[in-house]
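Listed below are the residues making up each chain.
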Amino acid sequence: MIIKNLSIQGFRNYESFYCDFDPGVNLIVGENAQGKTNLLEAICYLSRGAAFRTRKEAELIRFGAEFAELSAVVESFGREQTLRTVMFAGRRPRQLWLSGVKKASREDLDGVLNTVLFCPEDLLVLKKGAAERRKLLDDALCQLRPRYAKALEEYRRLLAQKSAALRERVDRPEMLELLPEYNERMAQTGAIIITTRAKYLRQLAERAACHHLAFSGGREELCLCYQTVSTVTEPTAPALEVYEQLKEHQSSHCRAEIESMQCLSGPHKDDFEATLNGISMKAFGSQGQTRTAAISLKLAERDLFEADTGEQPVLLLDDVLSELDPGRRDFVLNGIRTGQVFVTCCEADAVTQLGKTFHIAQGKIV
Ligand code: ATP
Ligand code: MG
């Protein structure tokens, strides 16, 4: 997928903007607060119908403007389509258009422009808590596998209900009668979640290791290891087998759950461990290694999107260069040889031999 051009009216600090992009690397350079991230946000909004830094549309409209308009010509599978959106100050709902036809909902635009976004918060995903890593898997899988998205939604609802029943058992002991029903359905949906995550992580790990090896000049071997419920011996086994093992874990923890008044069994505590040359990244990884591995994960995610949809999604990398040494920086700018990439950075010395460089100041190309 390629964004051929983008035009912006009244979005964030952009008053009026038009730009033709390169089908390869697009390096967006500028000082702080000039509109580099805003540009990625505009692309992201067209792609997903939502911005990544705010849920409030009003914040996206340029101060004092009546409306904001974004429009881009996108090429995929050899076909050009125009994505357009108009947001209004006040209560009027936003409008979405695809090649001149007004669309009722965001879902109508699914698949027209797929993007993989990497922002500074993602850099330390391998150092942070398990929830961040589960989110990384869930975000990708919910886009790629509709059955997974449904199972996850149901699992979360059941988890909330079971947790409430355990919490309230003193005042309302009759709530405990519902546990077997919750457990049964949580084992069913949990088995789908675990097997899907395990298979995806296995593919992700394979690709991420290749990227990381190239990134580190052949020095670092990245491994990712899935960690789930202890009774599950082979998480990529058929879901029925995993289901049986989840039931087993539930029965052995039933008493502890009632005593602690918490749900202790199921994939809601899942995690994965990353190691470099066999050494735990979380405990020992340097900042640069951790960041590089996180970028490798995103590149791997892009590969898997491509394998699934048949086309490479557009990669948006916000501010990821600043903490990398020159070799790794060069890899991002010159080592990613396929697909379209947008990279923002402050440093004027970042150079790419592939593609184009744009200098942005106060919401304009200079
Ligand atoms: P950095 O290098 O610090 O990340 P950046 O170039 O990515 O900077 P952006 O986040 O793209 O900067 O732009 C920030 C600027 O946009 C800020 O000065 C902010 O005040 C301005 N801005 C944000 N929203 C609006 C808006 N709705 N209307 C006008 N200006 C806005
Ligand atoms: Mg920025």
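Scoring rules and cut-offs
- Residues numbered from 1 in each chain as written.
- Chains lettered and ligands numbered in written order.
- Predicted model: local features only at pLDDT ≥ 70, side-chain atom pairs only at ≥ 80, totals over all residues.
- Heavy atoms only, no water.
- Core = buried A, V, L, I, M, F, W, Y, C linked by side-chain atoms within 4.5 Å.
- Buried < 20%, exposed > 50% of the residue type's maximum accessible area, 1.4 Å probe, protein only.
- Helix = DSSP H or I, 4+ residues; strand = E, 2+ residues; numbered from the N terminus.
- Domains from an automatic or database assignment.
- Contact = heavy atoms within 4.5 Å.
- Axes fitted to C-alpha atoms, helices over the stretch in contact; angles between N-to-C directions.
- Parallel < 35°, antiparallel > 145°, perpendicular 65-115°, else oblique.
- Left-handed = near helix turned anticlockwise from the far one by under 90°.
- Nonpolar A, V, L, I, M, F, W, Y, C, P; charged D, E, K, R; others polar.
- Patch = residues over 30% accessible without salt bridge, like charges linked within 9 Å, V, L, I, M, F, W, Y side chains within 5 Å.
- Areas by Shrake-Rupley, 256 points an atom, 1.4 Å probe, with all protein chains shown as cover.
- Salt bridge = Lys/Arg side-chain N within 4 Å of Asp/Glu carboxyl O.
- Lys, Arg positive; Asp, Glu negative; His and termini not counted.
- Charge placed at Lys NZ, Arg CZ, Asp CG, Glu CD.

Our focus in this paragraph is the nonpolar core. In this structure, L204, I295 and L321 are the most contacted members of the largest nonpolar core, which totals 72 residues. Top element by residues in this core is helix α4 (residues 179–215). It accounts for 15 residues. Shared between two domains, this core takes at least three residues from each, and those domains are domain 1 (1–113 + 322–366) and domain 2 (115–310). Residue contacts for I295: discarding those within four places in its chain leaves F118, L123, F215, V320, L324 and V332. Formed by 37 residues, the second largest nonpolar core is a distinct cluster that contains I28, L39, L83 and V314.

On to the packing of α4 against helix α7 (residues 287–309). Between α4 and α7, the shortest axis-to-axis distance is 7 Å and the interhelical angle comes to 125°. In terms of axis orientation, α4 runs oblique to α7. Seen from above, α4 lies across α7 with right-handed handedness. Here Y200, Q203, L204, R207, A208, H211, H212 and F215 of α4 lie close against α7, whose contacting residues are Q289, T292, A293, I295, S296, L297, L299, A300, E301, D303, L304 and A307. Across the contact of α4 with α7, the residue classes tally to 11 nonpolar, 6 polar and 3 charged.

For the rest of this paragraph, the subject is a negative patch on the surface. Side chains of E234, E241, E244 and E248 sit close together on the surface and give a patch of like negative charge. Looking at the element boundaries, E244 is found in helix α5 (residues 239–260).

A positive phi is found at M261, a non-glycine position, where the angle reads about 60°. Tracing the sequence through the fold places M261 in the loop between α5 and β10 (271–276). On the basis of relative accessible area, M261 is assigned to the partly exposed category, the value being 27%. Positive phi outside glycine occurs at D319, with the angle close to 60°.

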